[in-house]
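Architecture and fold: a report
One-letter residues, chain by chain:
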Amino acid sequence: MTDTLATATTTGAQGPAGTTTGAQSIAGLHRAMRPRQLVMMSLGGAIGAGLFVGSGAGIAVAGPAILISFLVAAVLVVFVMRMMGEMAAANPASGAFSEHTENALGPVAGRTIGWLYWVQVIIVIAAEATGAAAITAVALPGIPQWASALFYMVVLTGVNLVGVRRFGEVEFWFAAIKIVAILGFLVIGVAMIAGWMPTFETTGFANLTAHGGFAPTGIAGIAAGLLIVVFAFGGTEIIAIAAAETADPRRNVGRAVRTLVWRILVFYIGSVLVMVTILPWTSEDLATGPFVAVLEAGAVPGAAAVMTVIVVVALLSSLNAMLFSASRMIFSLSHRGSAHPVFGRLSSNGVPRNAVLASVAFGFVTVGLNYLYPDRVLPLLLNAVGSTILVLWTFVAVSHIVLRRRARRNGSEDALPLKMWGFPYLSYATLGLLAGIAVLALFDPAARTQLLATGALTAAIAGTCTVLARRRAAAETVQGRQP
């Protein structure tokens, strides 16, 4: 394939969000993703390992009151995605919220968030590959963990290199498998609760208040559960990033975001309600594998094997989507002068090949780590990216407030294809929720360590971006003075 250097085009016209229409509108990226792929991807992005695995850990600390934790986290993510969707529909860009932050708060802020997101995502890619490989090694002991990790990395790197339409199709079917699995789980769960399963003796809704009450660990448990489950919604950002390669993004991004509310209620809240209704929250099996525990309680044949496959699919789906997101982010950073120009080049099929390879490189490094230290890799990776989502979402909310006020001042607010509800009150409420979660994290030793590490990483990236921006400005000044 021959490489062509795509160029950024700035029109200088003001768009409906108070941003520059076409700023960082990158020539060469193919708008080949179909609407059904974007909608299904947005659905799949909200159904990951956080639901399949993390929900059990949340139940263990909060009991049935984990439903409150999930509701609070769901409200938060719906508000954040609505704000992100408003900006993406008005100004679709490969750098998404990073470019919107740059438009709202300046180059240093936007590029800091772009690099922070990229660092987070390349670690998540490695973590997803390691998690899928670890599960595969347990199910198929004859296959070494490192070999599975290598296989998954090679295949999904290939998927990301063959073009956005094929990537969208693979992610479409990944998401479809997860959705069918959740729907099947909900149908079986309702049948068990209603007493329609002859293999299970129902107790109705008694488990919601038995064993210490609805909130057996009190407010502290609900808060601890919130810290666990809020990160389960990471990954939904792909909607905004994929907008730049979707036909008619103004309409289709809005369509994807508008359906987020009921999807979260049905898939997340519905699944967790089934779990804590069917089994006592004190069940050890529920804590370690909630979906398998429920299905085995109903004597569903092959439950463990089926859910093992589903969890691996969920992890690989996340890996695939995260690799797409990371490659587009560094591609955008390259075109904004914050990454080497080589990452801004496109192959003949419109894929930023070098950006994909750079984003997946750390994942291949962890293949070697899986060979040397198979049991230590995953916990280390997960701890490294624990609270970056709070920083990212905070910048999304602040940027949205700035851009929306700008649109109101220049009279383009009514032209927005998608609007955040109750502006500015719900936008400020979102910032309040994020601040509250950060305060809660400071009282939890593990979460506090992650939060402080994220703060240090963000400050280091911001400092580097500031220095580079000043050097670039100085160089341009010197260039301008030359005859």
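It should be noted that the structure appears before, not after, this text.
Calculation criteria
Residues numbered from 1 in each chain as written. Predicted model: local features only at pLDDT ≥ 70, side-chain atom pairs only at ≥ 80, totals over all residues. Heavy atoms only, no water. Helix = DSSP H or I, 4+ residues; strand = E, 2+ residues; numbered from the N terminus. Buried < 20%, exposed > 50% of the residue type's maximum accessible area, 1.4 Å probe, protein only. Contact = heavy atoms within 4.5 Å. Areas by Shrake-Rupley, 256 points an atom, 1.4 Å probe, with all protein chains shown as cover. Patch = residues over 30% accessible without salt bridge, like charges linked within 9 Å, V, L, I, M, F, W, Y side chains within 5 Å. Salt bridge = Lys/Arg side-chain N within 4 Å of Asp/Glu carboxyl O. Axes fitted to C-alpha atoms, helices over the stretch in contact; angles between N-to-C directions. Parallel < 35°, antiparallel > 145°, perpendicular 65-115°, else oblique. Left-handed = near helix turned anticlockwise from the far one by under 90°. Nonpolar A, V, L, I, M, F, W, Y, C, P; charged D, E, K, R; others polar. Core = buried A, V, L, I, M, F, W, Y, C linked by side-chain atoms within 4.5 Å. Expected span 1.5 Å × (residues − 1). Bend = angle between axes of the 7 residues up to and from the residue.

Observations regarding the overall build of the protein
When you go through the protein residue by residue, the secondary structure sums to 19 helices and four strands. Out of the 483 residues in the protein, the part that is buried amounts to 55%. Taking the intrachain contacts of the protein between residues at least 6 apart in sequence as the baseline, contacts between residues at least 24 apart amount to 80%. Element-wise, carbon and sulfur atoms account for 68% of the exposed surface of the protein, whose accessible area totals about 19000 Å².

Here we look at a nonpolar patch on the surface
Together, Trp-146, Leu-150, Val-154, Phe-364, Val-365, Leu-369, Tyr-371, Leu-372 and Tyr-373 make up an exposed nonpolar region whose accessible area comes to about 820 Å². Sorting the residues of the nonpolar patch by element identifies helix H6 (145-161) and helix H15 (353-372) as the ones contributing at least two each. The greatest single-element share of the nonpolar patch, amounting to five residues, is contributed by H15. Among the secondary structure elements, Trp-146 is positioned in helix H6.

Remarks on unusual backbone geometry
Here Phe-423 and Pro-424 are connected by a cis peptide whose omega angle stands at 0°. On the secondary structure map, Pro-424 appears in the loop between helix H17 (388-409) and helix H18 (425-442). The backbone phi angle of His-211 is positive, close to 60°, even though this residue is not glycine. One non-glycine residue with positive phi stands out, namely Ala-299, at about 55°. Structurally, Ala-299 can be placed in the loop between helix H13 (290-297) and helix H14 (303-335).

Topic: the packing of helix H3 (residues 66-90) against helix H8 (residues 218-229)
Running from amino to carboxyl end, H3 crosses H8 at an angle of 50°, the nearest separation of the two axes being 8 Å. When the axis of H3 is compared with that of H8, the two are oblique. Between H3 and H8 the crossing geometry is right-handed. Two secondary-structure elements touch here, H3 through Ile-66, Ile-68, Ser-69, Phe-70, Val-72 and Ala-73 and H8 through Ile-222, Gly-225, Leu-226 and Val-229. Split into classes, the residues belonging to the contact of H3 with H8 amount to eight nonpolar, two polar and no charged.

Concerning the nonpolar core
Among the nonpolar cores identified, the biggest contains 140 residues, and Phe-52, Phe-97, Phe-233, Val-294 and Trp-393 are the most heavily contacted of them. Per-element tally for this core: the top contributor is H14, with 19 residues. Setting aside anything within four residues of it in sequence, one finds Val-294 in contact with Phe-185, Met-192, Val-274, Met-275, Ile-278, Leu-279 and Leu-286.

What about H15?
A rise of 1.5 Å per residue sets the reference length of H15, with its 20 residues, at 28 Å; its end C-alpha atoms lie 29 Å apart and thus fit the reference within 8%. Where H15 bends most, the angle comes to about 35°, and this point is Ala-361. Asn-354, Ala-355, Val-356, Ser-359, Val-360, Gly-363, Thr-366, Val-367 and Asn-370 are the residues of H15 that are buried.

Points about the environment of Gly-436
Here Gly-436 is to be found in helix H18. C-alpha of Gly-436 to C-alpha of Ala-223: the two residues are 213 residues apart in sequence and 9.9 Å apart in space.

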